[in-house]
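The lines below spell out each chain.
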Amino acid sequence: MSLPKTLAEDVARNLVMVARLIDEDPEEAYAYSRIALRLASRVAAVREAAGFAAYATQKYSEALAEFRAARRMTGSVELWPVMADCERGLGRPEKALAMAGEPEVQKLDKAGQVEMRLVAAGARRDMGQIDAAIVTLQSSELASSVQPWTARLRYAYADALLEVGREDEAREWFGKALEADKDGSTDASDRLAELDGVEFVDVLDEEADTADTAGTAHTAEADDETGSAPEGRDEQDGPAAGPAAN
């Protein structure tokens, strides 16, 4: 609303493209975010979108700078967990843990506090403190009613348990993560199958391999019948096509 109408529309179009592409094509989303940033760098929503686009492409230093700018403009603490995760991405898990103990965490809503817990546990694992990571993840939210963050919290807990060899408990919590994972945000089903020794086979790939094998056999039979098996190339054939010619 602070921008002239035409400029606001141009910025909005670029932000829409960031939102549409950030999961499927983060690099393209990042490119759109840079356009929006050039057009309206003093708009907090633009700085936030630019931060998430940079975060999605693992440009953590840039993402952190954008998130800090957005926070200065709005005074909101909602970006605190992702800012801490940027510190992890920059190889500074100690800084992420320090942020987990700051007063800003108490100002987060429940979803934000769970995100901060996940980041703190991840920082502990970065530092090789796996038992401490497990303790960090142990909370009432693990067994509470299903929320948007429940599957990811249970999955992280199961993964940490598995790392220390507590396989039976890990399997239980991967199962609970799967129960809560309504939108497929984790690969809990694959992890469960792996623990159970189940191997999935891609039927389409098998059919393609069978077709390729059949085609090769048919070609070999034809060559045998015509006596023209390609043991070498005549000069009139010219160079072989494709990379093999280089």
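Residues numbered from 1 in each chain as written. Predicted model: local features only at pLDDT ≥ 70, side-chain atom pairs only at ≥ 80, totals over all residues. Heavy atoms only, no water.

Trainee: Explain the packing of helix α2 (residues 26-39) against helix α3 (residues 44-56) to me, please; I cannot follow it from the model alone.
Mentor: The packing of two helices is summarised by the inter-axis angle and the distance between the axes. At their nearest, the axes of α2 and α3 sit 9 Å apart, and the two run at 155° to each other. Classed by the angle they form, the pair α2 and α3 counts as roughly antiparallel. The way α2 lies across α3 gives a crossing that is left-handed. On α3, the residues that touch P26, A29, Y30, S33, A36 and L37 of α2 are V46, R47, A49, A50, A53, A54 and A56. (Axes fitted to C-alpha atoms, helices over the stretch in contact; angles between N-to-C directions. Helix = DSSP H or I, 4+ residues; strand = E, 2+ residues; numbered from the N terminus. Parallel < 35°, antiparallel > 145°, perpendicular 65-115°, else oblique. Left-handed = near helix turned anticlockwise from the far one by under 90°. Contact = heavy atoms within 4.5 Å.)

Trainee: Whenever I open this one, the environment of A160 confuses me. Can you help?
Mentor: With respect to the helices and strands, A160 occurs in helix α9 (residues 150-163). Expressed as a C-alpha distance, the spacing of A160 and A170, which sit 10 residues apart in the sequence, is 7.9 Å.

Trainee: Is there a simple way to think about α3 in this case?
Mentor: With 13 residues, α3 should reach 18 Å at 1.5 Å per residue; the first-to-last C-alpha distance of 18 Å fits that figure. Taken as a whole, α3 has its buried residues at A44, V46, R47, A49, A50, G51, A53 and A54. Turning to α3, the residues buried within the fold contact α1 (5-21), α2 and α4 (60-74). (Expected span 1.5 Å × (residues − 1). Buried < 20%, exposed > 50% of the residue type's maximum accessible area, 1.4 Å probe, protein only.)

Trainee: It is not clear to me how a negative patch on the surface should be interpreted in this structure. Could you clarify?
Mentor: On the surface, D23, E24, D25 and E28 cluster together into a patch of negative charge. By the secondary structure assignment, E24 is in the loop between α1 and α2. (Patch = residues over 30% accessible without salt bridge, like charges linked within 9 Å, V, L, I, M, F, W, Y side chains within 5 Å. Areas by Shrake-Rupley, 256 points an atom, 1.4 Å probe, with all protein chains shown as cover. Salt bridge = Lys/Arg side-chain N within 4 Å of Asp/Glu carboxyl O. Lys, Arg positive; Asp, Glu negative; His and termini not counted. Charge placed at Lys NZ, Arg CZ, Asp CG, Glu CD.)

Trainee: How should I be thinking about the pattern of salt bridges in this particular structure?
Mentor: In a structure, side chains of opposite charge can pair up when their charged atoms sit close to one another. Scanning the entire structure with this criterion turns up 18 salt bridges. Residues R13 and D10 are paired through a salt bridge, measuring 3.1 Å at the closest nitrogen-oxygen approach. Taken together, the residues R13 and D10, both in helix α1 and three residues apart, mark about one turn of the helix. Owing to a relative accessible area of 52%, R13 belongs among the exposed residues under this scheme. Since its relative accessible area comes to 32%, D10 is described here as partly exposed. The residue R166 makes a salt bridge to E169 at a minimum N-O spacing of 2.8 Å. Overall, R166 belongs to the partly exposed group, its relative accessible area being 31%. Sharing partners across several salt bridges, the network here consists of R125, D159, E163 and R191.

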